[in-house]
Amino acid sequence: MRFAIPLFIVLLLLSAIVLTSGPGQARLGPFRVFGAFSSGDTAGTAATPTIQVPDTSLATQVPAPAPAPAFAAAPIGQRPYIPILMYHYVRAVDQAADPLGYGLSVTPNQFAAQVEWLRRSGYDTIQMSALAACIHGEGACPARAVALTFDDGYIDAYTAALPVLQEYGATATFYIVSGFVGQDAYMGWDEIRALRSAGMEIGAHSISHIDLTTLNHDENVDQIARSGAEIAAQIGAPVRSFCYPAGRFNAEIAAITRDVGYTNATTTVQEGSQDDLFALPRARIYGDMSQEGFQATVAAYLP
Ligand SMILES: [Zn+2]
């Protein structure tokens, strides 16, 4: 009974959308994806009147990105578990001076050793949208891969993580807080576009990193849909992957995330099944994690 009322509200809103969608108007649905070329798309129906996909004229000038690194596919019908690793910063932090920041950071050397070990041990890396396609039965599943995810869009994603990923031919998914882009310590759109061009996936992480469980329905639609739409316009590519700020979400928020067009969303739940694409657990990689601890974390999911 815990979800009875939110589910009722969602059903009520969905029926309102269906009733007010005339012919020629796009309905919100699981197959809608934020696109760079959808500025004529009337995504804002009755339930989402304020959402506009920004002008994409600049985005269309972005060169096509390099193809994402491929992974070795599992035999048809097999879906091995795909550990999803959660990172924030790749930087050196003084543990005594900033214990919280230290816990959220791995050093460039730590990160290089981790990715080097993954590649040497035969793990491929997979982007979140490809992981979702595998779980949804729409794409190949990797035989033995991990997904590397980076939250918040800090500048060291570009200056420190990207060189390591490129050195080892790895890919990752970077979740951007659209309203923080260009602020002190965060990447600007040029760096984010460069990540994309280097074969990384760019996902959305809301507009302002607010706890979504404190917002009403329309505010959530705004935070979830408009962040993805702006990022899509800026990078000139669809945005399919979302990450709940601070991992805070509920059934209604997950339903909104699905309905506005994402194919998957990650949480901060440490472990669990990957059957629910909008409640995907992730293993947190800590700053004080030893190399052995890192290897054991990955191997515990996928030996
Ligand atoms: Zn975050």
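Just so it is clear, the model here is predicted, and its values are computed rather than measured. (Residues numbered from 1 in each chain as written. Predicted model: local features only at pLDDT ≥ 70, side-chain atom pairs only at ≥ 80, totals over all residues.)

1. Observations concerning the overall build of the protein
The helix and strand tally for the protein stands at nine helices and ten strands. Sequence separation of 24 or more characterises 68% of the internal contacts of the protein that already satisfy a separation of 6 or more. (Helix = DSSP H or I, 4+ residues; strand = E, 2+ residues; numbered from the N terminus. Contact = placed C-beta atoms within 7 Å.)

2. Regarding the packing of helix H3 (residues 108–120) against helix H5 (residues 156–167)
Two elements in contact, H3 and H5, have axes whose closest approach is 10 Å; the angle formed by their N-to-C orientations is 25 degrees. Taken together, the axes of H3 and H5 are roughly parallel relative to one another. The handedness of the crossing between H3 and H5 comes out as right-handed. The segment H3 lies against H5, with Pro108, Phe111, Ala112 and Val115 engaging Ala160, Ala161, Val164 and Leu165. (Axes fitted to C-alpha atoms, helices over the stretch in contact; angles between N-to-C directions. Parallel < 35°, antiparallel > 145°, perpendicular 65-115°, else oblique. Left-handed = near helix turned anticlockwise from the far one by under 90°.)

3. Notes on the pairing of strand S1 (residues 84–87)
A regular strand places its side chains so that they alternate between the two faces of the sheet. Neither face of S1 is left uncovered, since the one carrying Ile84 and Met86 and the one carrying Leu85 and Tyr87 both have all their residues buried. Of the pairings in the sheet, the one linking S1 to strand S5 (residues 145–150) comprises four bridges and is parallel in character. Paired with leucine 85 across the bridge in S5 is leucine 148. By the bridge criterion, two bridges tie S1 to strand S10 (residues 283–284) in an arrangement that is parallel. Paired with leucine 85 across the bridge in S10 is alanine 283. (Buried ≥ 20, exposed ≤ 12 C-beta atoms within 10 Å, placed from the backbone. Pairing = 2+ DSSP bridges.)

4. Considerations on the environment of arginine 196
Note on placement: arginine 196 falls in helix H6 (residues 189–197). In this structure the C-alpha to C-alpha distance between arginine 196 and glycine 236, which are 40 residues apart in sequence, comes to 9.6 Å.

5. A closer look at the nonpolar core
Judged by nonpolar contacts, the single largest core of 74 residues is most densely connected at Ala147, Ala157, Ala161, Phe174 and Ile202. No other element matches helix H7 (residues 217–235), which puts eight residues into this core. Setting aside anything within four residues of it in sequence, one finds isoleucine 202 in contact with Phe174, Ile176, Ile192, Leu195, Arg196, Ile231, Ile235 and Val239. (Core = buried A, V, L, I, M, F, W, Y, C linked by C-beta atoms within 7 Å.)

6. Section: H5
Compared with an ideal rise of 1.5 Å per residue, which puts twelve residues at 16 Å, H5 spans 16 Å between its outermost C-alpha atoms and is within 8% of the ideal. Residues of H5 that are buried: Ala157, Tyr158, Ala160, Ala161, Leu162, Val164 and Leu165. Against the buried residues of H5 lie strand S2 (89–90), H3, S5, strand S6 (173–176) and H6. Once H5 ends, the next one or two residues include glycine 169, with phi positive near 60 degrees. (Expected span 1.5 Å × (residues − 1).)

7. Considering the confidence of the model for the protein
Close inspection of predicted coordinates is inappropriate for parts of the model with low pLDDT. When pLDDT is averaged along the protein, the result is 84, and 77% of the positions lie at 70 or above. Predicted confidence is poor over residues 1–5, with pLDDT under 50, and the contacts of this stretch with residues over four places away or in other chains come to one contact. Residue range residues 7–61 is modelled with pLDDT below 50. Its contacts to residues more than four positions away, or to other chains, number 81 contacts. (pLDDT = per-residue confidence, 0-100.)

8. A look at the environment of isoleucine 176
The topology assignment puts isoleucine 176 in strand S6. Through-space distance from the C-alpha of isoleucine 176 to that of glycine 153 is 4.9 Å; in sequence the pair is 23 residues apart.

9. Quick look at helix H8 (residues 251–259)
Turning to H8, its buried residues number three or more, namely Ile253, Ala254, Ala255, Ile256, Thr257 and Asp259. Immediately beyond the C-terminal end of H8, within one or two residues, lies glycine 261, with a positive phi of roughly 125 degrees.

10. Considerations on unusual backbone geometry
In this structure, alanine 185 takes a positive phi of about 80 degrees despite not being glycine. Position of alanine 185 relative to the elements: it lies in the loop between S6 and H6. C-beta crowding within 10 Å serves as the criterion here: with 12 such atoms nearby, alanine 185 is assigned to the exposed category. Even without a glycine there, the phi angle at histidine 209 is positive, about 60 degrees. Structurally, histidine 209 can be placed in the loop between strand S7 (201–204) and H7. The partly exposed category is assigned to histidine 209, around which 18 C-beta atoms lie within 10 Å.

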